[in-house]
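Now for the letters of each chain:
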Amino acid sequence: MRLQLVTAMAAVAGAACSLLAEGSGAWAVSGILPFTAGGFIYLGTVSVIPEILRNSGPLPALLQLLALLAGVAMMLLIAHYE
């Protein structure tokens, strides 16, 4: 329960930092976006992939891994065209 509270407080702090950095210019976005995307990629690769491989067969695991990679590709496209 305490760890959940810490996670929620970190989310609130991150939202506050992003709102405060909104008018700061391009340097704030170029520093925050890779950090956030890296966090999502880290969670996907470290937390989700072992669960996928442990609880499903080879074909569903491959499809789920491809879906994860498609999500990473979408993040790259959004960052490129934004």
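Just so it is clear, the model here is predicted, and its values are computed rather than measured.

Student: I'd like a description of the layout of surface pockets, backed by residues and values.
Tutor: Empty space within the largest pocket amounts to approximately 350 Å³. If you trace the largest pocket, you find it lined by Ala10, Ala11, Gly14, Cys17, Ser18, Ile32, Phe35, Thr36, Gly39, Phe40, Tyr42 and Leu43. Those elements giving two or more residues to the lining of the largest pocket turn out to be helix 1 (2–20) and helix 2 (26–55). Take the lining of the largest pocket: its biggest share by element is seven residues, from helix 2. Its residues placed into classes, the lining of the largest pocket shows eight nonpolar, four polar and no charged. Each pocket or cavity is described by its volume, and for the second largest pocket that value is around 170 Å³. Considering the residues around the second largest pocket, the lining is formed by Leu33, Pro34, Thr36, Ala37, Phe40, Ile41, Val72, Met75, Leu76, Ile78 and Ala79.

Student: Could you give an account of the environment of Ala16, naming the residues involved and the relevant values?
Tutor: Relative to the elements of secondary structure, Ala16 occurs in helix 1. Remark: the alpha-carbon pair of Ala16 and Met1, spanning 15 residues in sequence, is separated by 23 Å.

Student: So what's going on with a nonpolar patch on the surface? Residues and values would help.
Tutor: A surface patch of nonpolar side chains, amounting to about 560 Å² of accessible area, comprises Leu59, Leu62, Leu63, Leu65, Leu66 and Leu69. Positionally, Leu65 belongs in helix 3 (residues 58–81). Accessibility expressed as a relative area gives 33% for Leu65, which makes it partly exposed.

Student: How would you sum up the UniProt feature "transmembrane region" (unreviewed entry) in the protein chain? Please name residues and give values.
Tutor: Summarizing the sequence annotation, UniProt attributes the feature "transmembrane region" (unreviewed entry) to residues 31–49 and 61–81 in the numbering used throughout. Along residues 31–49 the backbone is 100% helical and 0% strand, and the end-to-end C-alpha distance reaches 27 Å. Helix makes up 100% of residues 61–81 and strand makes up 0%, while its end C-alpha atoms are separated by 30 Å.

Analysis parameters
Residues numbered from 1 in each chain as written. Predicted model: local features only at pLDDT ≥ 70, side-chain atom pairs only at ≥ 80, totals over all residues. Heavy atoms only, no water. 1 Å grid on protein atoms, 1.4 Å probe; cavity = no way out; pocket = protein on both sides within 12 Å on 5 of 7 lines; lining within 4 Å. Points joined across faces, edges and corners; volume = space filled by probe spheres on them. Helix = DSSP H or I, 4+ residues; strand = E, 2+ residues; numbered from the N terminus. Nonpolar A, V, L, I, M, F, W, Y, C, P; charged D, E, K, R; others polar. Patch = residues over 30% accessible without salt bridge, like charges linked within 9 Å, V, L, I, M, F, W, Y side chains within 5 Å. Areas by Shrake-Rupley, 256 points an atom, 1.4 Å probe, with all protein chains shown as cover. Salt bridge = Lys/Arg side-chain N within 4 Å of Asp/Glu carboxyl O. Buried < 20%, exposed > 50% of the residue type's maximum accessible area, 1.4 Å probe, protein only. UniProt positions renumbered as here; feature names shortened; annotations may be inferred.

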